[in-house]
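# An overview of the molecular structure
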Amino acid sequence: MTLLYKSTRDSKNVVSASQAILQGLAVDGGLYVPTEIPKAKLDFSKLAQQSYQEIAVQIMQLFLPDFTQEELQECVNKAYDQKFDDKEITPLVKKKKQYYLELFHGPTLAFKDLALSILPHLMKKAAQKNTMDKEIVILTATSGDTGKSAMEGFADVKDTQIIVFYPENGVSPIQKRQMITQKGENTFVAAVKGNFDDAQTKVKQLFNDENLRKKMAENKKIFSSANSINIGRLVPQIVYYVYAYSRLVKMGEIKNGEKINVSVPTGNFGNILAGFYAKKIGVPIQRLICASNQNNVLTDFFQTGNYDRNRPFYVTSSPSMDILISSNLERLLFYLTKENSQQTKKRMDELTQKGEYTITSEMKEGLSGFFADFASENETEKTIHTVYEQANYVIDPHTAVASCVAKKYQDKKGSSLPTVVLSTASPYKFPQAVLQAITKETQSSEEYKMINRLYELAKKPIPASIQELKKAEIKHRDKISVDQMTNYVEQVLNLK
Ligand SMILES: *Cc1c(COP(=O)(O)O)cnc(C)c1O
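How each quantity is defined
Position numbers for residues start from 1 in each chain and track the written sequence from start to end. Only residues with pLDDT of at least 70 are given local features in this predicted model, and only at 80 or more are side-chain atom pairs given and counted; all residues enter the totals for whole chains, interfaces and linings. Hydrogen atoms and water are omitted, and side-chain values are computed over all heavy atoms in the structure. UniProt positions are given in the numbering used here, feature names are shortened, and annotations may be inferred rather than shown by experiment. One heavy atom suffices: a residue is near a molecule or strand as soon as one of its heavy atoms comes within 4 Å of it. Between N or O atoms, a polar contact is any pair within 3.5 Å; within protein, one atom must be a potential hydrogen donor and the other a potential acceptor, and residues adjacent in sequence are included only when both atoms are from side chains. Here, Shrake-Rupley sampling with a 1.4 Å probe gives the accessible areas, and only protein chains in the shown set may cover a residue. Think of a 1 Å grid over the protein atoms and nothing else: a 1.4 Å probe that fits but is trapped marks a cavity, an open set flanked by protein within 12 Å on at least five of seven lines marks a pocket, and residues with an atom within 4 Å of a point count as lining. What decides whether a molecule sits in a cavity or pocket is whether more than half of its atoms lie within 2 Å of the grid points. A pair of strands is treated as paired once DSSP finds two or more bridges between them. Helix numbering and strand numbering both begin at the N terminus, where a helix is a DSSP run of H or I of at least 4 residues and a strand a DSSP run of E of at least 2. Axis definition: a line fit to C-alpha positions, over the contact stretch in the case of helices; interaxial angles, taken between N-to-C directions, run 0 to 180 degrees. In this description, contact between two residues means that some pair of their heavy atoms is separated by no more than 4.5 Å. Grid points are joined across faces, edges and corners, and a volume is the space filled by probe spheres set on the points. Residues are grouped as follows: Ala, Val, Leu, Ile, Met, Phe, Trp, Tyr, Cys and Pro are nonpolar; Asp, Glu, Lys and Arg are charged; all remaining types, including Gly, are polar. Working definition: with a 1.4 Å probe on protein chains only, accessible area under 20% of the residue-type maximum means buried, over 50% means exposed, and in between means partly exposed. By the counting rule applied here, Lys and Arg register as positive and Asp and Glu as negative, while His and the ends of each chain are not counted. Each reported salt bridge corresponds to a side-chain nitrogen of Lys or Arg within 4 Å of a carboxyl oxygen of Asp or Glu. Two rings from Phe, Tyr or Trp (for Trp, the six-membered ring) form a pair when their centres are within 6.5 Å of each other. A pair whose planes differ by under 30 degrees is stacked, one over 60 is edge-to-face, and the rest are tilted.

Looking at an unreviewed UniProt entry, the protein chain carries the name Threonine synthase, with the source organism given as Tetragenococcus solitarius. The UniProt entry for the protein chain carries the following text under Cofactor (unreviewed entry): "pyridoxal 5'-phosphate". On record in UniProt, under Sequence similarities (unreviewed entry), the comment for the protein chain is "Belongs to the threonine synthase family."

Written out as structure tokens, the structure reads:
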């Protein structure tokens, strides 16, 4: 049987992997999941000898069977090249018994680059396979990192356009600067008055807006998504879990088969869901640690079985995790219901209507492979400080959240398994929060002064993209309300 993809809200809605990548979101509003978990034979002593690129082709082949190995090889070669400033692509470093998988060596300094540098290539191949003659329009809401990373990937890619919405007051100054200076004739960016959830909810509505879809079709255009609701984002993210384990084996830190924990700073639940699939195909992970910031809706869900977004929304030092509606949790929910699309749809409708839902105690048992907790702003700051003091290693606030919660898990459960913290952003992306935590001094708001100071402390080269940003010309100034998003899309796409 070939692996296909079905919607979490309608099991009869089945498409091929390439079609799922093209569509992004299923028309019934659900998310695509594989019809089966592929059978993998992961030989880690062999994988330990292979490069990131070699591992990527094998893992992606498992989940994308309608792509040939040559096609995947070509996509991988185009994606994971000198754009990354480390030959390892995602180096695993050890600092004082803690492992950090550095996922920020790509062009926009966040882990999103691992998926978004390859997604445009996968999409182009998918369009060819399905002899699609329409222009692909990427519609994306961002909590700060996806937007830039996606635009970097899609800028000036033929037959594509990309529209990004970011929360006006919800991203860091560097993140904002990265977005408003984006080059490329086919890129559009607008600040939205509201938070990430407002923007993401509206984007999902736009995908399923009948009228808009009709107009798009008449203009030979089709929407797709660069958010982690697209399996073309998720699949490349499975790769680095396999890679991390293979490096632990290679470094002699663990014996092949020994269990590890992985701590994941979580927002939309995309990164950790990739870890869930990695575990399913055989990466020996004991616990996936779901680390949240003060927006701890997931912590409460894992502890009580009740998901409730009716709560205050906090703007924190880890803005890419300031999310109260974690889209990818729908996929986990689907597995918790034993792949029951009606049960899944029912709860997602409740979430839309009442802002909450509860799972049964039987479903809750399915969460035993996870541990969830959160780090307050204070704890995050302390963690950055302590890691710097003890390990002479500078981490960003998102990574600090994961590091702090990993420690909470170790303390609470007395677990001494090797733990990999996913390091999702470069500290240079959040100089103010990082410097403040390390020096305990209030910082001036001059970004580049802070970046230089951080360089003195971190002794790690300032990434070229940060240097270039200083002189970059501002190209996007649009600011709109959530209600204007539909109009904005029609206008920039020239829909008639
Ligand atoms: C997007 C992001 C996260 C959260 O990842 P999800 O896949 O949304 O859970 C964490 N850290 C950084 C730096 C991010 O950009």
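## Topic: the site of the ligand
The full set close to the ligand counts 15 residues, and Lys 112, Asp 145, Gly 267, Asn 268 and Asn 271 are the nearest of them. Interatomic distance of 2.6 Å between a side-chain N/O atom of Lys 112 and an oxygen atom of the ligand. Within the side chain of Asp 145, one N or O atom sits 2.4 Å away from an oxygen atom of the ligand. Burial of the ligand by the protein amounts to 98% of the accessible area it has alone, namely 380 Å². Most atoms of the ligand, that is more than half of them, are within 2 Å of grid points of the largest cavity.

## Let's talk about the sheet that holds strand β11 (residues 285–292)
Ordered by their spatial adjacency, 6 strands build an open sheet running β4-β5-β15-β10-β11-β14, and the pairing between neighbours is mixed. What marks the edges here is a single partner per strand, and that holds for β4 (92–95) and β14 (370–374). Adjacent strand axes in the sheet meet at a mean angle of 25° when their direction is disregarded. The pairing of β11 with β14 spans 5 bridges and is classified as parallel. Across the sheet, residue Cys 290 finds its bridge partner in β14, namely Ala 372.

## Some points on the environment of Val 297
Inspection of the secondary structure assignment puts Val 297 in helix α13 (residues 297–304). Once you skip the residues sitting within four places of it in the chain, Val 297 turns out to touch Tyr 307, Asp 308, Arg 309, Arg 311, Ile 323 and Leu 324.

## Some remarks on empty space enclosed by the protein
For the coordinates displayed, the defined rule picks out 5 cavities of 30 Å³ or more. The computed volume of the largest cavity comes to approximately 250 Å³. Forming the walls of the largest cavity are 26 residues, and the residues nearest its centre are Phe 111, Lys 112, Gly 267, Asn 268 and Ser 320. Within the residue set of the lining of the largest cavity, elements represented by two or more residues are α11 (231–250), β10 (260–265) and α12 (270–280). Among the residues making up the lining of the largest cavity, the classes are represented as 9 nonpolar, 14 polar and 3 charged.

## What about the UniProt feature "domain: Threonine synthase N-terminal" (unreviewed entry) in the protein chain?
UniProt records the feature "domain: Threonine synthase N-terminal" (unreviewed entry) for residues 5–80 in the present numbering. Secondary structure content for residues 5–80 is 45% helix and 16% strand, while the C-alpha to C-alpha distance between its ends is 26 Å.

## Observations concerning the pairing of strand β5 (residues 98–102)
Of all the 5 residues making up β5, 5 are buried; the element is thus mostly covered by neighbouring parts of the structure. On β5, burial covers both faces: Gln 98, Tyr 100 and Glu 102 on one face and Tyr 99 and Leu 101 on the other are all buried. A loop of 2 residues connects β4 with β5, the two strands running antiparallel in sequence, and Lys 96 in this loop sits at a positive phi of about 50°.

## Thoughts on the side chain of Lys 202
Here Lys 202 is to be found in helix α9 (residues 196–207). This buried residue, Lys 202, is left without a salt bridge; Asp 483 holds the nearest opposite charge, at 5.5 Å. Non-local contacts of Lys 202, meaning those with residues more than four positions away in its chain, are made with Val 482, Met 485 and Thr 486.

## Here we look at α13
One turn of an α-helix holds 3.6 residues; hence residues three or four places apart share an orientation. Of all the residues in α13, the buried ones are Val 297, Leu 298, Thr 299, Phe 301 and Phe 302. Among the structural elements, β11, β12 (306–308), α14 (329–336), β13 (356–358), α16 (361–365) and β14 are those in contact with the buried residues of α13.

## Some points on the packing of aromatic side chains
In the structure shown here, the tally under the stated rule is 22 aromatic pairs. Taken together, a centroid distance of 5.8 Å and an interplanar angle of 65° make the contact between Tyr 80 and Phe 84 edge-to-face. Each member of the pair, Tyr 80 together with Phe 84, is buried. Between Phe 269 and Phe 370, the ring centres sit 6.2 Å apart and the planes meet at 35°, which makes this aromatic pair tilted. Of the two residues, Phe 269 sits in the loop between β10 and α12 while Phe 370 sits in strand β14, which places them 101 residues apart along the sequence. Each residue in the set Phe 63, Phe 269, Phe 276, Tyr 277, Phe 301, Phe 302, Tyr 307, Phe 334, Tyr 335, Tyr 357 and Phe 370 is aromatic and connected to the rest through ring pairs, giving one cluster.

## So, the layout of surface pockets
Its boundaries defined by the atoms lining it, the largest pocket holds a volume of some 580 Å³. Of all the elements in the fold, those that place two or more residues in the lining of the largest pocket are β4, β5, α17 (377–391) and α18 (397–413). By residue number, the principal contributor to the lining of the largest pocket is α17, which donates 6 residues. Here the lining of the largest pocket is composed, by residue class, of 7 nonpolar, 9 polar and 8 charged.

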